[in-house]
Amino acid sequence: MRQYETFELTFAGAEPEGSKALVDLQAEFTLAGETKKVSGFYAGDGQYKVRIYPSKTGKCQWKVRGVVSGEGEENCESAAATADAVAVATNKVPHGIVHVEGKHFKYEDGAWYRPFGTTVYALVHQEKALIDTTMETLRKAPFNKVRFCVFPKHYDFNHNDPDFYPFEKTGEKWDVHKPVPQYWDALEARIRELDACGIQGDLILFHPYDRWGFAQFSKEDSLVYLDYLLRRLSAMPNLWWSLANEYDLMPNYSHEDWADFARFVAEHDPYGHCLSNHNCMAYWDFTQKEITHCCIQDTNVNEVPELWEQYGKPVVFDEVRYEGNIIHSWGNISARELVRRFWTAVCCGGYCTHGETFYSDDEVLWWARGGVLKGQSPARIGFLKEIVEALPGPLDFQGEGLGSQTAIQLLAMKENGAPQEFRDNFFAMAMLNLPKDRIKAFVTKERTAVGHCGKEAYLKFMERQCAALTELNLPQEGSYRVEVIDTWDMTRKVVMENVNGTVKVELPGKEDMAILAVRM
């Protein structure tokens, strides 16, 4: 047994007489004075399995009861102490499950995790050769999170049938009490491959793009499916749960059904993986206590500060349209625009997710089925990732001038009165005289994305501004090195050292420039 890795016990037994999904198999694992209770599952071929995810080290005692039974003791070794030289050199030492830390995310070992995701919806429903090609592409790509579906997807550029489905069919109805082991084994194998690459799997549990009938599950069948999925997968460290892709396009389920699904997943996941719900139009209520972070489809990435104030949870824009050239407006933005949205989200204190939709002769589009990446954005997203991962911590929104205020704060001032420093500013008072809807539109439109990492680093993104000169407001104490970054050409140039306070930085008068100041 090794810290931060799935540990599995296998037992032989007779095939279940009733449900093959809800078998009577319970276990207790006691490690470092903490006891976890988990449910096991039937894996097919007369095999029952129980899995645990150990986050501590030391002696682990286990007891299994139900259709099979047993007990024993294992020694759980440290992930860092048992890592080989290759794992250390390639930063592939297990870090544990990702959890929320304030506005951001951390691994269990304390390392910061900054999601730079991509989307391959039907990743696991393709022929093996295509999946292998996709995995090879991911190994070389900068992405550390992938969104993909449990159920097959039927939509433009993705009309194929998978080799296996999650459940058997009885007549015209899928039987959630009869999981198909071949499907679940293949799904797990790909999740483990992602883990070996240091990639989180953001697993989409429901979606509306369906011709098979999975989107029409009754609520009762949906809970049986979720129960089985969590028995099998919750001990895998590199998973997030996304209740749905575009939950609001699924009329089969009510708002309360989705809230119940969130509660059920949280209650049946002993390890508290990240959990959210993805929208088409109406944002989910991220204040629901079981929801860990905001998962958003929208293009307003500069509103991260408002979303943080509203929900108090990390903000991930998991769909901001895709780099590509297809007929749909959501799939034909330029690489430059997608990269710009990444920089804006990150400098505002949030995160962003990539997607790619280029026509191809074989109709294999990355966003749908995987394959190879064709666009210009991944390399530039990797450039940003390299910059922010070198910082001592994640970036929080700072803004500058009136832009340091959020629309929520300004609306509160409109209701309750402005503080004296605002009353003395005719520009600020004019803004507060605007109608409420115009205040939000104005402040976010005029915002310059400036993030800070305590007093250690500041990152300002100029977006479409073509300035020849800009100011950067640094602390009066300390010394800083200042770089000018071309986010498109991927160049970095140190222009000042040993400076502090308000500094003027010369720029080349072109779009998409950034300024990075790091404490020396």
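Quick note: structure is the one above.
Residues numbered from 1 in each chain as written. Predicted model: local features only at pLDDT ≥ 70, side-chain atom pairs only at ≥ 80, totals over all residues. Heavy atoms only, no water.

### Thoughts on the overall build of the protein
A count of helical and extended segments in the protein gives 13 helices and 30 strands. For 520 residues, the compact-globule estimate of 2.2 N^0.38 gives 24 Å, and the C-alpha radius of gyration of the protein, at 25 Å, lies within 12% of that figure. Dimensions of the protein along its principal axes, counting C-alpha atoms only, are 80 × 50 × 50 Å. By residue count, 56% of the 520 residues in the protein fall in the buried class. Partitioning the intrachain contacts of the protein with sequence separation of at least 6 by distance along the chain shows that 69% fall at a separation of at least 24. Surface exposure of the protein reaches about 21,300 Å², of which carbon and sulfur atoms provide 48%. Averaged over its 56 positive side-chain charges, the protein has a centre that lies 3 Å from the centre of its 75 negative ones. (Helix = DSSP H or I, 4+ residues; strand = E, 2+ residues; numbered from the N terminus. Rg over C-alpha atoms; globule rule 2.2 N^0.38 Å. Buried < 20%, exposed > 50% of the residue type's maximum accessible area, 1.4 Å probe, protein only. Contact = heavy atoms within 4.5 Å. Areas by Shrake-Rupley, 256 points an atom, 1.4 Å probe, with all protein chains shown as cover. Lys, Arg positive; Asp, Glu negative; His and termini not counted. Charge placed at Lys NZ, Arg CZ, Asp CG, Glu CD.)

### A closer look at the sheet that holds strand E9 (residues 104–107)
Spatially, three strands are ordered E8-E9-E10 in an open sheet, and the strand pairing comes out antiparallel. In this open sheet, the two edge strands, each paired with only one partner strand, are strand E8 (98–101) and strand E10 (112–113). Alignment of E8 against E9, held across four bridges, turns out to be antiparallel. Looking at the pairing, glutamate 101 lines up with histidine 104 of E9. (Pairing = 2+ DSSP bridges.)

### Quick word on unusual backbone geometry
A positive phi angle, close to 70 degrees, is found at tyrosine 4, a residue other than glycine. Locating tyrosine 4 in the fold gives a position in the segment before strand E1 (7–12). What makes tyrosine 4 buried here is its relative accessible area of 9%. A positive phi angle is found at glutamate 246, which is not glycine, with a value near 60 degrees.

### As for the side chain of aspartate 269
When you line up the elements, aspartate 269 lands in the loop between helix H5 (255–268) and strand E17 (275–276). Of the buried charged residues, aspartate 269 lacks a salt bridge, with lysine 36 as the closest side chain of opposite charge at 7.7 Å. A distance of 3.0 Å separates polar atoms of two side chains, one belonging to aspartate 269 and the other to tryptophan 241. Look past the residues within four positions of aspartate 269 in its chain and what remains in contact with it is Leu230, Ser234 and Trp241. (Salt bridge = Lys/Arg side-chain N within 4 Å of Asp/Glu carboxyl O. Polar contact = N/O pair within 3.5 Å; in protein donor to acceptor, adjacent residues only side chain to side chain.)

### Topic: the pattern of salt bridges
Overall, the coordinates contain 44 salt bridges when judged by the stated rule. Measuring nitrogen to oxygen at the nearest pair gives 3.3 Å for the salt bridge that ties glutamate 8 to lysine 49. Separated by 41 residues along the polypeptide, glutamate 8 in strand E1 and lysine 49 in strand E5 (residues 47–52) bring together distant segments of the chain. The class of lysine 49 is buried, set by a relative accessible area of 15%. Among the salt bridges present, the one from aspartate 185 reaches arginine 232, with a minimum N-O distance of 3.0 Å. One end of the pair, aspartate 185, is in helix H3 (residues 181–196); the other, arginine 232, is in helix H4 (residues 219–233), with 47 residues separating them in the sequence. Since its relative accessible area comes to 37%, aspartate 185 is described here as partly exposed. When its relative accessible area of 1% is taken as the criterion, arginine 232 is described as buried. Three or more residues are tied together by salt bridges with common partners; here these are Glu8, Lys49, Arg51, Asp185, Glu188, Arg192 and Arg232.

### Comments concerning the packing of aromatic side chains
Each aromatic ring pair is characterised by the separation of its centres together with the angle its planes make. By the definition in use, this model includes 44 aromatic pairs. On the numbers, 6.0 Å between centres and 90 degrees between planes, the contact of phenylalanine 167 with tyrosine 225 is edge-to-face. Taken together, the residues phenylalanine 167 in strand E13 (residues 167–170) and tyrosine 225 in helix H4 connect sequence positions 58 residues apart. Assessed through its relative accessible area of 2%, phenylalanine 167 is described here as buried. Relative accessible area serves as the criterion here: at 0%, tyrosine 225 is assigned to the buried category. Here the guanidinium or amino end of lysine 145 rests over the ring plane of tryptophan 240, the centre of that ring lying 5.3 Å away. Against the face of tyrosine 121 rests lysine 153, its NZ or CZ located 3.5 Å from the ring centre. (Phe/Tyr/Trp six-rings, centres within 6.5 Å; stacked < 30°, edge-to-face > 60°. Lys NZ or Arg CZ within 6 Å of the ring centre and 35° of its normal.)

### As for the pairing of strand E12 (residues 145–149)
Within a regular strand, side chains alternate between the sheet's two faces. Where burial is concerned, most of E12 is hidden: five out of the five residues are buried. Burial along E12 is two-sided: the residues Lys145, Arg147 and Cys149 and Val146 and Phe148 are all buried. Here strand E11 (residues 116–119) pairs with E12 via three bridges, running parallel. Note that in E12 the partner of threonine 119 across the bridge is arginine 147. Each parallel crossover has a hand, and the one from E11 via helix H2 (residues 128–140) to E12 is right-handed. (Right-handed = clockwise from strand over helix to strand, strands pointing away.)

### A few points about the packing of helix H7 (residues 335–347) against helix H9 (residues 377–389)
Axis separation between H7 and H9 bottoms out at 9 Å; the angle between their running directions is 20 degrees. It follows from the interaxial angle that H7 and H9 lie roughly parallel. The handedness of the crossing between H7 and H9 is right-handed. For the pair H7 and H9, the contacting residues are Ala335, Leu338, Val339, Phe342, Trp343 and Val346 in the first and Ser377, Arg380, Ile381, Phe383, Leu384, Ile387 and Val388 in the second. (Axes fitted to C-alpha atoms, helices over the stretch in contact; angles between N-to-C directions. Parallel < 35°, antiparallel > 145°, perpendicular 65-115°, else oblique. Left-handed = near helix turned anticlockwise from the far one by under 90°.)

By themselves, these observations are geometric and do not establish any function.
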